[in-house]
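Each chain, letter by letter, is given below.
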Amino acid sequence: MRARLRKLWNSRAPRERLVIAVLAAIVGVALYLALVQSATRAHQRLTPAVAALRAQSALLEQQAAEFERLRSLPAAPAGQADLRTLVQGQVGSAGLSRALVRIDAPNADQVQVVFGAMPFTDWLALVSSLQLQRVRLDTCRIEVASTPGVVSGAPTFTRAKP
């Protein structure tokens with residue numbers, strides 16, 4: 001095969017060889033430029049997607065670490081204090097006693113609370129502290145007050161099952 005190509009090449013006049021070589025070089029450069037342009041467009045299109053995926057990955061890593069931290073917490077002892085007392089104590093330590101309107105315990109594993117106006121950040125802190133005590137937010141109705149950052153609500157907390 002090489003011999004046939006060499007024979008074909010040598011059978012051409014020097015001027016034809018030059019034209020073929022120049023055309024081959026032009027075609028090669030054009031193909032290279034098309035490849036580079038295509039790769040550049042793909043890179044520009046995919047760069048934001050990569051950044052978004054990295055952010056999602058970081059968030060998933062944080063959530064996985066939080067999940068493992070919560071999983072490693074010791075289980076709540078069976079004879080733990082009354083859930084109503086526990087929630088009322090956490091409400092007091094979160095500084096929401098003034099906002100507490102009513103607290104009812106329909107059964108030993110459920111507490112219904114009604115709050116008046118309270119800062120939303122304090123509300124989130126209360127829910128987080130109760131989660132550390134193995135008490136989860138079961139249902140909740142939150143209403144936004146006219147003052148920015150202030151809400152009222154009626155959550156129901158339940159004791160997490162082991």
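Refer to the structure printed above.
Residues numbered from 1 in each chain as written. Predicted model: local features only at pLDDT ≥ 70, side-chain atom pairs only at ≥ 80, totals over all residues. Heavy atoms only, no water.

### What about the nonpolar core?
To keep it simple, the criterion reads: Within this scheme, the nonpolar core is defined by two criteria: the residues are buried Ala, Val, Leu, Ile, Met, Phe, Trp, Tyr or Cys, and they are joined through side-chain atoms within 4.5 Å. When accessible area is computed with a 1.4 Å probe and restricted to protein chains, residues below 20% of their type maximum are described as buried, those above 50% as exposed, and intermediate ones as partly exposed. In this text, helices come from DSSP runs of H or I with a minimum length of four residues, and strands from runs of E with a minimum of two, each type numbered from the N-terminal end. For this analysis, residues touch if any pair of their heavy atoms sits within 4.5 Å.
The biggest cluster of nonpolar side chains holds 18 residues, and the ones touching the most others in it are Val87, Val113, Phe115, Met118, Trp123, Leu126 and Phe157. Listing elements by their share of this core, those giving two or more residues are helix 3 (83-93), strand 2 (110-119) and helix 4 (120-132). Excluding anything up to four places from it in sequence, Val87 contacts Ile103, Val111, Val113, Leu130 and Phe157.

### Thoughts on the pattern of salt bridges
Opposite charge on two side chains permits pairing when their charged atoms draw close. For clarity, the threshold we go by: Between Lys or Arg on one side and Asp or Glu on the other, a salt bridge is scored when a side-chain nitrogen of the former is within 4 Å of a carboxyl oxygen of the latter.
Tallying each qualifying case throughout the model produces seven salt bridges. Between Arg102 and Asp104 there is a salt bridge, with the nearest N and O atoms lying 2.8 Å from each other. Relative accessible area serves as the criterion here: at 44%, Arg102 is assigned to the partly exposed category. One salt bridge connects Asp109 with Arg159, and the closest N-O pair in it is separated by 3.2 Å. Remark: Arg159 occurs in strand 6 (residues 156-159) and Asp109 occurs in the loop between strand 1 (100-107) and strand 2; sequence separation between them is 50 residues.

### Focus on helix 4
Convention followed: By this rule the span expected of a helix is its residue count minus one, scaled by 1.5 Å. The arc in question is traced by the directions running from the helix axis to the C-beta atoms.
Taking 1.5 Å of rise per residue, 13 residues should cover 18 Å, and helix 4 covers 19 Å from first to last C-alpha, within 8% of that figure. Those residues of helix 4 lying buried are Trp123, Leu126, Val127, Ser129 and Leu130. Down the axis of helix 4, the smallest arc covering the buried residues is 165 degrees, so these residues share one side. Looking at the residues trailing helix 4, positive phi occurs at Arg134, about 65 degrees.

### Section: the packing of helix 3 against helix 4
Put simply, the test is: Between the N-to-C directions of two axes lies an angle of 0 to 180 degrees, each axis being a line fitted to C-alpha atoms and, for a helix, fitted only over the stretch in contact. Note that the term roughly parallel is reserved for angles under 35 degrees, roughly antiparallel for angles over 145, roughly perpendicular for angles of 65 to 115, and oblique for everything else. Crossing handedness: left-handed means the near helix sits turned counterclockwise from the far one by under a right angle, and right-handed means the same turn made clockwise. Amino acids outside the nonpolar list (Ala, Val, Leu, Ile, Met, Phe, Trp, Tyr, Cys, Pro) and the charged list (Asp, Glu, Lys, Arg) are all regarded as polar, and Gly is one of them.
For the pair helix 3 and helix 4, interaxial distance at closest approach is 10 Å and the crossing angle is 140 degrees. In terms of orientation, helix 3 and helix 4 fall into the oblique class. Between helix 3 and helix 4 lies a crossing of right-handed hand. Contacts between helix 3 and helix 4 pair Val87, Gln90 and Val91 from the former with Leu126, Ser129 and Leu130 from the latter. Class assignment of the residues belonging to the contact of helix 3 with helix 4 gives a composition of four nonpolar, two polar and no charged.

### A word on a nonpolar patch on the surface
Which entries qualify depends on this criterion: Two joining distances apply to patches: 9 Å for like charges and 5 Å for nonpolar side chains (Val, Leu, Ile, Met, Phe, Trp, Tyr), and every residue must have over 30% relative accessible area and no salt bridge. In short, Shrake-Rupley with a 1.4 Å probe defines the accessible areas, and a residue's cover is counted only from the protein chains shown.
Taken together, the side chains of Leu18, Val19, Val22, Leu23 and Ile26 define a hydrophobic patch exposed on the protein surface, amounting to about 460 Å² of accessible area. Tracing the chain through its elements places Val19 in helix 2 (residues 14-71).

### With respect to the packing of aromatic side chains
Applied cut-off: Stacked, tilted and edge-to-face are the three classes applied to pairs of Phe, Tyr and Trp rings, where Trp contributes its six-membered ring and a pair requires centres within 6.5 Å; stacked means planes under 30 degrees apart, edge-to-face means over 60, and tilted covers the rest.
Applying the stated criterion across every chain yields a total of two aromatic pairs. Arranged with centres 6.1 Å apart and planes meeting at 70 degrees, the rings of Phe115 and Trp123 form a pair that is edge-to-face. Both residues of the pair, Phe115 and Trp123, count as buried. By the ring-pair criterion, three or more aromatic residues cluster together here, those being Phe115, Trp123 and Phe157.

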